[in-house]
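Summary of structural features
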Amino acid sequence: MSDTITPRTSDQALTERLTHARYPRSNAYDARWVVENQMGPNALWLLEWLAPALGLDALPPGARVLDLGCGRAMTSVFLAREFHAQVTAADLWIAADDNARRIAEAGFADRVLPVHTEAHDLPFAEASFDAIVSVDAYQYFGTNDLYLPTLTRLLKPGGRVGIVVPALREEIDGVEPPEHLKQWWEPDYWCFHSPGWWRRHWTRSGAVEVETADWLEDGWRDWLLWCEVVAEESPEEFHRTMARQVAEMVRADEGRALGFVRVVGRRL
């Protein structure tokens, strides 16, 4: 196991703060490494929640997995290490060379291939993948009614696609956010939807049989804890500032409206 993703004794307090009973696999990763490479909510926690619904443990060693919107490739390393997958780490915002360095440092250059691409321009052949994963990214492009059928052509027949996204407990009527969230609400947040919305959206596509569309109970607490840590520990001012703002919003909401949804569909 690479030293890059093994907890460091000097960061023991941070490790203890982020050790979570619900995410035993994620607990094995160096908390400082996760903080330094985060780009939003704790992606390893969210992927670990997604994994059983997606059936990742049932995939054969060497199964091909597309990690769509992988960010700094932490989730790709997790997929390779925990599930022995051959991972294509696709992202628009992070250069492939940057992710290649991080992947090599983690010891998985032979099992994770970084690709710089946009979600609507995926350069892969039909039926290339056994599974597709997207953590805290799909909401930016996947609310389009026509997107899922174009994505699932990359899956082998019977293969599964699974996502975790920031979400709303219930859909919002009208054009105004909840009163208690107005001071933080950004237009981008209208891409947040409820479990029922996601189930209907995917079912209507005709591309998949929806197997799971559910809510992470007390997910807001995980989100708040993570934001508080990032606000204190991130080496990047942008991320510290963003984490403080999101923490204020999540703390004010207390799970009334905001949280996370996971959705899993099997290609028809």
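The structure reproduced in this document is the subject of the present report.

To continue, consider the pattern of salt bridges. Summed over the entire model, instances satisfying the criterion amount to 23 salt bridges. Among the ionic pairs, R32 bridges to E233, the shortest N-O distance being 2.7 Å. Taken together, the residues span a long stretch of sequence, with R32 in helix α2 (residues 31-36) and E233 in helix α8 (residues 219-233) at a distance of 201 residues. On the basis of relative accessibility, which here comes to 27%, the residue E233 falls in the partly exposed class. Salt-bridge contacts for D98 lead to R101; the nearest nitrogen and oxygen are separated by 2.7 Å. With a gap of 3 residues between them, D98 and R101 both fall in helix α5 (residues 96-106), about one helical turn apart. For R101, a relative accessible area of 40% corresponds to the partly exposed category. What emerges from the salt-bridge pattern is a single network uniting R25, D57, R81 and E82.

As a further point, take unusual backbone geometry. Note on backbone geometry: most residues besides glycine have negative phi, and most peptide bonds are trans. For H84, which is not a glycine, the phi torsion comes out positive at approximately 55°. At E254, a residue that is not glycine, the phi angle is positive and equals roughly 55°. Locating E254 in the fold gives a position in the loop between α9 (237-253) and β7 (258-267). Given a relative accessible area of 51%, E254 falls into the exposed group.

Another aspect to go through is the packing of aromatic side chains. Two numbers describe a pair of aromatic rings. These are the distance of the centres and the angle of the planes. With the rule as written, the count across this model stands at 17 aromatic pairs. Between F141 and Y147 the ring centres are 5.2 Å apart and the planes differ by 55°, which places this aromatic pair in the tilted class. Note on Y147: relative accessible area 3%, which makes it buried. Through successive ring pairs, a cluster of aromatic residues spans Y138, F141, Y147, W197, W198 and W202. Over the aromatic face of Y29 sits the side chain of R81, whose NZ or CZ is 4.4 Å from the ring centroid.

For the rest of this paragraph, the subject is the sheet that holds strand β5 (residues 155-168). Note on sheets: strands pair through backbone hydrogen bonds, and any given pair is parallel or antiparallel. With mixed pairing, the 7 strands of this open sheet are ordered in space as β3-β2-β1-β4-β5-β7-β6. Bordering the open sheet on either side are β3 (112-116) and β6 (208-215), each of which pairs with just one other strand. Averaged over all pairs of adjacent strands, the angle between their axes in this sheet comes to 15°, without regard to strand direction. As judged from the 5 bridges shared by strand β2 (residues 86-91) and β3, these two strands associate in the parallel manner. By the bridge assignment for β3, V87 is matched with V112. Relative to the sheet, helix α7 (residues 195-205) contacts β5, β6 and β7, its axis offset from that of β6 by approximately 175°.

Conventions used here
- Note on numbering: residues in each chain are counted from 1, in written sequence order.
- Only residues with pLDDT of 70 or above have their local features reported here, since the model is predicted, and side-chain atom pairs are shown and tallied only from 80 upward, although totals for entire chains, interfaces and linings are computed over all residues.
- Think of the side-chain values as coming from all heavy atoms in the structure, minus any hydrogens and water.
- Counted as salt bridges are all cases of a side-chain nitrogen of Lys or Arg within 4 Å of a carboxyl oxygen of Asp or Glu.
- Helix and strand assignments follow DSSP, with helices taken as H or I runs no shorter than four residues and strands as E runs no shorter than two, numbered in order from the N terminus.
- Type-normalised accessible area, obtained with a 1.4 Å probe on protein chains alone, sets the label of each residue: buried when under 20%, exposed when over 50%, and partly exposed for intermediate values.
- Between 30 and 60 degrees the pair is tilted, below 30 it is stacked and above 60 it is edge-to-face, where a pair is any two Phe, Tyr or Trp rings, Trp via its six-membered ring, whose centres lie within 6.5 Å.
- To sit over a ring, a charge needs its Lys NZ or Arg CZ within 6 Å of the ring centre and within 35 degrees of the ring normal.
- Any two strands with at least two DSSP-identified bridges between them are counted as paired.
- Axis geometry follows a simple rule: fit a line to the C-alpha atoms, using only the stretch in contact for helices, then measure angles between N-to-C directions, giving values from 0 to 180 degrees.
- Throughout, a residue-residue contact means that at least one pair of heavy atoms, one from each residue, lies within 4.5 Å.

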